[in-house]
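Spelled out from the first residue to the last, the chains are:
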Amino acid sequence: MAQVVLKEINKFYESVHAVKDVNLTIRDKEFMVFVGPSGCGKTTTLRMVAGLEAISSGNILIGEQIVNDLPPMDRDIAMVFQNYALYPHMSVFDNMAFGLKMRKFAKAEIKQRVQKAADILGIEQLLGRKPRQLSGGQRQRVALGRAIVRHPQVFLFDEPLSNLDAKLRVQMRVELKKLHERLGTTAIYVTHDQVEAMTLGDRVVVMKDGWVQQVGQPLELYNAPANKFVAGFIGSPAMNFAVVEVKESAGELWVESSGLRIKVPDRNAAGLGPHAGRQVTVGIRPEDLRIAGSEDPAVNCFDAVVEVVEQLGSEILLDVSVGPGTMVAAVEPTLKTRLHEKLRLAADPDRMHFFDIESEIAI
Amino acid sequence: MIEGAIWRRWVFFRIPLFLFILVLLFPFYWMAITSFRPDGELYRPWNAINYNPFWTWKPTLVHVQYLFRETMFTTWLWNTMLIALASTAISLVCGVFAGYALSRLNFRFAGLLGTGIFITYLVPQTLLFIPLSEIIRNYRLGDTPWSLILTYPTFLIPFCTWLMMGYFKAIPRELEECARIDGASRWQAMLYIIVPVAVPGILSAGIFAFTLSWNEFIYALVFLSSPEQKTVPVGVVSELIRGDVFFWGPLMAGALLGSIPVALVYSFFVEHYVSGLTGSVKG
């Protein structure tokens, strides 16, 4: 068990600056998730921690030790790969035992550790098989087993669930979470799936174009995104954005665009004050929109026309046009509606987000 | 498979396939049938009444017996086997290491070097044997098996390297990375993980190299002179064609027996060999 510290980490591939000034402390026993679109530098960062990529500048510490120049074998880490990377010519037992054999453990110890890991993962009956005789989920378990038999200081996961089908992925996600609670080993987990990030992470790092956008607990990211990218990336369906103008009338702040006119909630008024007369981006999550009722103050409501109705069973996603733009609203499954019907939607005033139009930073 | 009507299958698949096999196998049939025909039938003029070139009613083993009693065929077989195995072994070891280095180690000019090796493979043997014979002479290796064991790798190593390069590239990088995280050094990762996974590729490189050296003719013809040093292809041709007299029976029997080891090697490893060519590694 150990903490992992990244200090001013940079990575250059010839002319490409893949990872930019990453500063991060992953606490002991923490489950840290790196999330972002492909090419954002999350996997590169993970591979630098693993020692599979050289660091262009900066320091990486595992525990108290600077590991910049240590080969992967001396970093006391274990990694699970997206394609499992099981050794195809070895049985499941030998796959799991390989790391221990390389480290010259006694035979009895190896056997005991593999048995225990197999027991935890429920793969005892597979120990004699070859990887090609296993299903995707079983292979993933073996890959996990290979990591946990070593009792490493840090687990590294590189999109381990991406190759599984949707149902199995959810199941393995739960098991991973349980496994982490049971073992308590520090873990760094890379994924492009924000649902995985939200459900698994103690904290989540959102990356884009090599920059860290925001680090925080899942709900922090959801409730208070630091910028427009994080706001749009976290949450499903994605947040609605609209470019609006901030207007001041009779001492009150309003945001306006064609088809949309909402009063700025008091909690945002101070921040938006300096932007009066200028454009900003407003962000409203689909789940923070509802069909306007009598209790909704008119200042939070606007007109919308139904374009597409997506029935999900537990809720309905309405694609609506608001003026020239479009929005998605997640509404009650009991709603009866037709295409092209005109609706009045209300936005939750406590859950509106505003972003600077140029810097895209939250206001 | 060709889809559709039965006539399409016949016209586009079965008949062409049949013709193809016929053309391909006919020389072997001719070789086999000639080996077992008595001389009387072999040298019968084409306009004789009982002329029948495609079949014999009096099969005989005299040509085979002649081959083993009157010529040094067993010595040639032994020489060929020894030389082919030794040069294949040398080439495989070098090819595996070079292929691994060129495909996995990111050093400067790796790509250039790979292309360079391939280009050396393209230089025809008919040109290379002239400078090589000079070298062989200088090292006094002429008329010894070493002259071939050491020169065959000049075309086998580029070939094996190129083939292994492709095969190593098809093996997921993660396998090796995982091994290195698991505690293996680069050397151990290669030895315990990459090489075992690459066995089909190594086998097909080996089979090819073995066949190439087994059948090699020019170097063997140039570098070997005494009958007891010769290999099968050279021995059969030089000892059974005297002047303008062709001893067709023993000649064909020698060719037939000479091709059996290669056929055996192929049939033993055919499955590995095919998967080696298609480069299938499942993680």
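Definitions and cut-offs
Residues numbered from 1 in each chain as written. Chains lettered and ligands numbered in written order. Predicted model: local features only at pLDDT ≥ 70, side-chain atom pairs only at ≥ 80, totals over all residues. Heavy atoms only, no water. Helix = DSSP H or I, 4+ residues; strand = E, 2+ residues; numbered from the N terminus. Rg over C-alpha atoms; globule rule 2.2 N^0.38 Å. Buried < 20%, exposed > 50% of the residue type's maximum accessible area, 1.4 Å probe, protein only. Contact = heavy atoms within 4.5 Å. Areas by Shrake-Rupley, 256 points an atom, 1.4 Å probe, with all protein chains shown as cover. Lys, Arg positive; Asp, Glu negative; His and termini not counted. Charge placed at Lys NZ, Arg CZ, Asp CG, Glu CD. Polar contact = N/O pair within 3.5 Å; in protein donor to acceptor, adjacent residues only side chain to side chain. Expected span 1.5 Å × (residues − 1). Arc of directions from axis to C-beta. Buried area = accessible area lost by both parts, 1.4 Å probe. Salt bridge = Lys/Arg side-chain N within 4 Å of Asp/Glu carboxyl O. Nonpolar A, V, L, I, M, F, W, Y, C, P; charged D, E, K, R; others polar. Core = buried A, V, L, I, M, F, W, Y, C linked by side-chain atoms within 4.5 Å. Phe/Tyr/Trp six-rings, centres within 6.5 Å; stacked < 30°, edge-to-face > 60°. Pairing = 2+ DSSP bridges.

Undergrad: Account for the overall build of chain B, naming residues and giving values.
TA: Across its full length, chain B holds 14 helices and two strands. Relative to its length of 283 residues, chain B is extended, with a C-alpha radius of gyration of 24 Å against a globular reference of 19 Å. If you line up chain B on its principal axes, its C-alpha atoms span 80 × 65 × 30 Å. Every one of the 283 residues in chain B was classed for burial, and the buried ones make up 37%. Considering only intrachain contacts with a sequence separation of at least 6, the fraction spanning at least 24 residues in chain B is 74%. Of the accessible surface of chain B, which amounts to about 15600 Å², a share of 72% is contributed by carbon and sulfur atoms. Here chain B contributes 18 positively and 15 negatively charged side chains, and the mean placements of these two sets differ by 6 Å.

Undergrad: Account for the side chain of Ser-204 of chain B, with residues named and values stated.
TA: In this structure, Ser-204 of chain B sits in helix α11 (residues 199-215). A polar side-chain atom of Ser-204 of chain B sits 3.1 Å from the main-chain carbonyl oxygen of Gly-201 of chain B.

Undergrad: Requested: an account of helix α5 (residues 166-183) of chain A, with residues and values cited.
TA: Because the α-helix completes a turn every 3.6 residues, residues three or four places apart line up on one side. Residues and elements named next belong to chain A. Across its 18 residues, α5 extends 26 Å between first and last C-alpha, which sits within 8% of the 26 Å expected from 1.5 Å per residue. Listed as buried for α5 are Met-172, Arg-173, Leu-176, Leu-179 and His-180. For α5, the angular spread of the buried residues around the axis is 130°, confining them to a single face. Among the exposed residues of α5, those pointing more than 90 degrees away from its buried face are Lys-167, Lys-178, Glu-181 and Arg-182.

Undergrad: Give a detailed account of unusual backbone geometry, specifying residues and quantitative values.
TA: Residues and elements named next belong to chain A. Pro-237 follows Ser-236 through a cis peptide bond whose omega is -5°. When you line up the elements, Pro-237 lands in the loop between α8 (228-233) and β11 (240-249). The phi torsion at Asp-76 lies on the positive side, around 55°, for a residue other than glycine. Locating Asp-76 in the fold gives a position in the loop between β5 (65-66) and β6 (77-80). Positive phi values are uncommon outside glycine, yet Asp-209 reaches one of about 50°. Here Asp-209 is to be found in the loop between β9 (203-208) and β10 (211-216). With relative accessibility at 47%, the residue Asp-209 sits in the partly exposed group.

Undergrad: Before we move on, could you go through helix α4 (residues 136-148) of chain A and cite the residues and values that matter?
TA: For α4 of chain A, which comprises 13 residues, the first-to-last C-alpha distance of 19 Å matches the rise-based estimate of 18 Å (1.5 Å per residue) to within 8%. Burial runs high along α4 of chain A: 11 of the 13 residues are buried. For α4 of chain A, the complete set of buried residues consists of Gly-137, Arg-139, Gln-140, Arg-141, Val-142, Ala-143, Leu-144, Gly-145, Arg-146, Ala-147 and Ile-148 of chain A. Buried residues belonging to α4 of chain A abut β6, α2 (92-102), α3 (107-121), β7 (154-158) and α5 of chain A together with α9 (173-181) of chain B.

Undergrad: So, the environment of Pro-237 of chain A: which residues are in play, and what are the values?
TA: Linking Pro-237 of chain A and Pro-88 of chain A, residues 149 residues apart in sequence, is a C-alpha distance of 40 Å. Not counting residues up to four positions away in its chain, the partners in contact with Pro-237 of chain A are Pro-286, Glu-287, Leu-317 and Val-328 of chain A.

Undergrad: Please give an account of the interface of chain A and chain B that cites residues and values.
TA: Across the contact, 24 residues belong to chain A and 20 residues belong to chain B. Of all residues in chain A, Met-73, Tyr-87 and Met-102 of chain A give up the largest surface area on contact with chain B, accounting jointly for 25% of the area buried on that side. The tally of links from chain A across to chain B stands at two salt bridges. Arg-150 of chain A is paired through a salt bridge with Asp-182 of chain B; the nearest N and O atoms lie 3.0 Å apart. Breaking the side of chain A that touches chain B down by element, the ones donating at least two residues are α1 (42-50), β6, α2 and α4 of chain A. In the side of chain A that touches chain B, the residues fall into 16 nonpolar, three polar and five charged.

Undergrad: Which residues make up the nonpolar core, and what are the values?
TA: Counting 72 residues, the largest nonpolar core has Leu-6, Phe-34, Leu-156 and Ile-188 of chain A as the members making the most contacts within it. Sort the elements by how many residues they give to this core and helix α8 (residues 153-170) of chain B lands first, with eight residues. Residues Phe-93, Ile-110, Ala-147 and Phe-155 of chain A belong to the second largest nonpolar core, which totals 46 residues.

Undergrad: Explain the packing of aromatic side chains to me, and be specific about the residues and the numbers.
TA: Residue and element names in this part refer to chain A. Within the structure shown, the criterion is met by 27 aromatic pairs over all chains. Taking 5.9 Å as the distance between ring centres and 70° as the angle between the ring planes, the aromatic pair formed by Phe-241 and Phe-355 counts as edge-to-face. Here Phe-241 is found in strand β11, whereas its partner Phe-355 is found in strand β20 (residues 352-356), with 114 residues between them in sequence. The exposure class of Phe-241 is partly exposed, given its relative accessible area of 26%. Judged by relative accessible area, Phe-355 falls into the buried class, the value being 0%.

Undergrad: Please give an account of the sheet that holds strand β2 (residues 16-26) of chain A that cites residues and values.
TA: Residues and elements named next belong to chain A. Overall, antiparallel pairing links the four strands, which are arranged β2-β1-β4-β5 in an open sheet. If you trace the sheet from one side to the other, it starts and ends with β2 and β5, each paired once. Relative to strand β4 (residues 57-62), strand β1 (residues 4-13) runs antiparallel, the two being bridged by five bridges. Directly across from Val-4, in β4, lies its bridge partner Ile-62.

Any functional reading would require information that these geometric values do not contain.
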